[in-house]
Structures are given as structure tokens and as C-alpha cells.
Amino acid sequence: MYDLAIIGSGTAGLTAAIYSARADLSTLVLIGEAFGGQIATTNDVENYPGFDDGITGPELTERMRKQAERFGAKFEMNTIVEIDVDGPPFTLTGHGAEYQARAVVVATGASPKLLGVPGELELWGRGVSYCATCDGAFFRGEHIAVVGGGDSALQEALFLTRFGSKISIIHRRDELRAGAYLTNRANENDKIEFIWDTVVEEINGTNGVESLRIRNVKTGEESSLPVGGVFVYIGHRPNTEIFKNKLDMDHEGYLIADHRTHSNVEGIFIAGEAQDNYFRQAITTAGEGCMAAMEAEKFIARLDFEKTEEPVAAAPAAAG
């Protein structure tokens, strides 16, 4: 039995662990399939406060882990596949193990939808990116490709015009899904070109992205597009499947929390990209992890108070 179980080990989960363990709560972090979340796959992190020379994603998350462990947090490599929300206590079932906790922080994050083409995983973090805010500054003066046709793709393409010499937006259709305002801004920007009816078939490069093999879906014609980087915006998928029909979520599967990270189940709190489909930044998820742990500590303190509170004895009847 733990005071707090944290599902996920990205910046939200790690920050929650630091605050929880420092508050003297017995804290378990269930790492998931890989430690550190998305940021642990990023080679260079330059926008996380406190590191004037930048830091690698793996080093940042490892430092956060050591900080949480210094206060007593326990880490276990396991993926939760089932959760009983009829608590407290809450029962979490992983592979070959079961855990109980009086409160839970869900920090399972979200995963970018992948193109699924050769070279994508091999060059992830070395020219393949899913976050212009995170990585755009590394591509100054480069020809950059953006894959997608929705609002996110255009927003990020417009952001990338600050750094790239040219931005090619590759879209599998002949019209955009993005709104009129963003569409007009993109059309008016001299740095942006559109490559319509086209998909990426392969990402090529040795130590970094050098070119894309692209195919026109109408003619079947293939060609090579020399670029220094490719940003993929075909959507994200929240890692929330195990909470279906248990915690409130929107039509995309993102969990719903109030402004204090409370879910619809008392004692279960949500932090990070499992509920945030807008900002998706390490610093914002860390802040939400802090909030969730603080709210969990208050919830557990109330449980302790209710458990120890003694009923007041009735006063003796007055003598007649």
C-alpha cells in the first residue's frame, strides 16, 4: 500500500514524485514502457528553465529521477494495464504485479502519430521532430518540411518561418483542414510553399535528415525533396485507453480535469499531456505534476483526518 501511485515517468510524473516524496508520502512511480516520456527521446532541450547551455532529454529526466529518489520515491518498471477506480484505496494491475495506493496521479502522456515510413524512427531527434517550439531553433537557415494540413501543421509551419529559409508543407489532399485565418497567413508568407496530393514514403540521411522520398497520390510519381529537417503534425494519441469508461474523457480520448487537476473520481488526479492537447511542453507538464501532487497530499491528509477523528461523546443527562 502506497500513499500515492504515479502512472508515468515523464516530466509530469517525475515532478509529482519529487513533491509527493518531499511531503513524506510513500510514493511509487510506475515507469511504463520506457523511462522519461517523450522528452527522454530529445537530444537537446534548450527551453527548460535553469540550463543556460541546454541539456539533453535523457539527462534532464535522470536528474529529476535522482531528485525524487533522494526524497524516498520508489520507481518500478511496469506498465499498468488495468485500474480499479472504486477507491480509495485504488488497485493498479501491471504485468505480473498489483499495487494499491490511496491516491493516484495519471501522467501517462500522449504519443505523436507516426508516419510509419523508413528512416522516421532512426532519425527521430536528429532531424525528425514533432515539436517546432522545442526544436525549431536547431534548423536556422535550413529548408524544412512540415507534414500535415490541419491547424497544428500550419501553426508550426508559421513558427518555423522564423528559422528556416524555406518551409514546404506536404499534404496528402488538395485542400487544407486548417481554419481560414491560418490558411490565409500561410498563403501570404513568402517562405511557405505547399506540396499537394503528396505523402512521404521515406526519410533519408546518415547523421541527420538529408532528403525525403515523396509520392504524388494521384499520379504515383515519386521524387526527392532535399531538406534539413521534417516536422510531423498528423495528430497525437493520448495514452489513456485503460481509463476508458472509468475516467471522463473527451471525444479524442484526452482525460478531463478541472483547473486543480482533479478527475471525476475523487482521489485520482491528472497531469501532463494525458489531458493537455494544446501546450505539450515539458515545463507545463512539470507544473501540472506539481499541482497534482499537492492536491493528492491534501486529499490524503483529509483521509487521515477522517480516519483518526473520534466522535464526540454525548453530554450526560442533567439530574432531575
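Look a little higher up for the structure.
Since we're looking at a predicted model, the values are computed, not measured.

A.B. asks: Run through the side chain of Glu120, naming residues and quoting values.
C.D. replies: Position of Glu120 relative to the elements: it lies in the loop between β7 (110-112) and β8 (128-129). No salt bridge is formed by the buried Glu120. Its closest oppositely charged neighbour is Arg237, at 10 Å. Side chain to side chain, Glu120 and Tyr130 meet in a polar contact 2.7 Å long. Every residue in contact with Glu120, bar those within four places of it in the chain, is listed here: Leu114, Leu115, Val128, Tyr130, Ile203 and Val232.

A.B. asks: Please set out the sheet that holds β8 residue by residue, giving values where relevant.
C.D. replies: Pairing between the strands of a sheet comes from backbone hydrogen bonds, and it takes one of two forms, parallel or antiparallel. Reading across the sheet, the 5 strands line up as β8-β15-β9-β10-β11 and stay open at both edges, with parallel pairing between neighbours. Unpaired on one side and paired on the other, β8 and β11 (192-195) mark the two borders of the sheet. Relative to strand β15 (residues 229-232), strand β9 (residues 143-147) runs parallel, the two being bridged by 4 bridges. Paired with Val147 across the bridge in β15 is Val232.

A.B. asks: Just give me the short version of the packing of helix α1 (residues 11-22) against helix α6 (residues 282-308), but keep the residues and values in it.
C.D. replies: Between α1 and α6, whose axes approach to 7 Å, the crossing angle comes to 35°. For the pair α1 and α6, the crossing hand works out as right-handed. Residues Thr11, Ala12, Thr15, Ala16, Tyr19 and Ser20 of α1 form the contact with α6, whose own contacting residues are Ala282, Thr285, Ala286, Gly289, Cys290, Ala293 and Met294. Within the contact of α1 with α6, the residues separate by chemical class into 8 nonpolar, 5 polar and no charged.

A.B. asks: Just give me the short version of the state of the cysteines, but keep the residues and values in it.
C.D. replies: For the coordinates displayed, the defined rule picks out 1 disulfide. Here Cys131 engages in a disulfide with Cys134; their sulfurs sit 2.2 Å apart. One disulfide, between Cys131 and Cys134, carries an S-S torsion of 70° and so falls in the right-handed class. Overall, Cys131 belongs to the buried group, its relative accessible area being 15%.

A.B. asks: Describe the sheet that holds strand β13 (residues 211-216), and please don't skip the residues or the numbers.
C.D. replies: Here 3 strands make up an open sheet; going across it, the order is β12-β13-β14 and the pairing antiparallel. Edge positions in the sheet fall to β12 (198-204) and β14 (222-226), since each has one partner strand and no second. Ignoring which end each strand starts from, the neighbouring axes of this sheet average 30° apart. With 6 bridges connecting them, β12 and β13 associate as antiparallel partners. The partner of Val200 across the bridge, within β13, is Ile214.

A.B. asks: Give a description of the packing of aromatic side chains that names residues and reports values.
C.D. replies: Where two aromatic rings form a pair, the distance of their centres and the angle of their planes describe that pair. Going through the model one piece at a time under the given rule, you end up with 7 aromatic pairs. A ring pair is formed by Phe159 and Phe163, whose centres lie 5.5 Å apart and whose planes are at 65°; its orientation type is edge-to-face. A relative accessible area of 18% places Phe159 in the buried class. What makes Phe163 buried here is its relative accessible area of 14%. Sitting above the plane of the Phe35 ring, Arg65 keeps its charged end 5.2 Å from the centroid. Over the ring of Phe75 we find Arg65; its NZ or CZ atom is 4.8 Å from the centre of that ring.

A.B. asks: An account of the environment of Thr15 is needed here, citing residue identities and associated values.
C.D. replies: Along the chain, Thr15 falls in helix α1. Excluding residues that lie within four positions of it along the chain, Thr15 makes contacts with Met64, Ala286, Gly289 and Cys290.

A.B. asks: Mind laying out the pattern of salt bridges, listing which residues take part and the relevant values?
C.D. replies: Considering all chains together, one arrives at 15 salt bridges under this definition. Between Asp304 and Arg102 there is a salt bridge; the shortest N-O distance is 2.6 Å. Taken together, the residues Asp304 in helix α6 and Arg102 in strand β6 (residues 98-106) connect sequence positions 202 residues apart. Measuring nitrogen to oxygen at the nearest pair gives 3.1 Å for the salt bridge that ties Arg213 to Glu222. By relative accessible area, Arg213 is classed as partly exposed at 27%. Relative accessible area serves as the criterion here: at 41%, Glu222 is assigned to the partly exposed category. Overlapping salt bridges bring together Asp3, Arg102 and Asp304 as one network.

Basis of the calculations
- Sequence order as written defines the numbering, with residues in each chain counted from 1.
- Reporting in this predicted model follows two pLDDT cut-offs: at least 70 for local features of residues, and 80 or more for side-chain atom pairs to be given and counted; totals over whole chains, interfaces and linings ignore these cut-offs and use all residues.
- Computation of side-chain values: all heavy atoms of the structure, hydrogens and water removed.
- By definition, any uninterrupted DSSP run of H or I lasting at least four residues is a helix, any uninterrupted run of E lasting at least two residues is a strand, and each is numbered from the N terminus.
- Residue burial is assigned from relative accessible area. The probe radius is 1.4 Å, only protein chains are included, and a residue is buried under 20% of its type maximum, exposed over 50%, and partly exposed in between.
- The charged-residue count follows a simple rule in which Lys and Arg add positive charge and Asp and Glu add negative charge, with His and chain termini not counted at all.
- What makes a salt bridge here is a side-chain nitrogen of Lys or Arg within 4 Å of a carboxyl oxygen of Asp or Glu, nothing more.
- Any pair of N or O atoms that falls within 3.5 Å is considered a polar contact. Within protein, one atom must be able to donate a hydrogen and the other to accept it, and sequence-neighbouring residues count only if both atoms are side-chain atoms.
- We call two residues contacting when some pair of their heavy atoms lies within 4.5 Å.
- In short, DSSP must find at least two bridges between two strands for them to pair.
- A fitted line through C-alpha atoms serves as each axis, taken over the contacting stretch for helices, and the angle formed by two N-to-C directions is quoted from 0 to 180°.
- Should the near helix be turned anticlockwise from the far one by less than a right angle, the crossing is termed left-handed; should it be turned clockwise, right-handed.
- Following the grouping adopted for this structure description, the nonpolar residues are Ala, Val, Leu, Ile, Met, Phe, Trp, Tyr, Cys and Pro, the charged ones are Asp, Glu, Lys and Arg, and the polar ones are all others, Gly among them.
- Disulfide assignment relies on a single distance test, namely cysteine sulfur atoms paired within 2.5 Å.
- Centres within 6.5 Å are what make two rings of Phe, Tyr or Trp a pair, Trp counting through its six-membered ring; a difference in plane orientation under 30 degrees is then read as stacked, over 60 as edge-to-face, and the rest as tilted.
- Placement of a positive charge over a ring is assigned whenever Lys NZ or Arg CZ falls within 6 Å of the ring centre and within 35 degrees of the normal to the ring plane.

Fair warning: the whole summary comes from geometry, so function is off the table for now.
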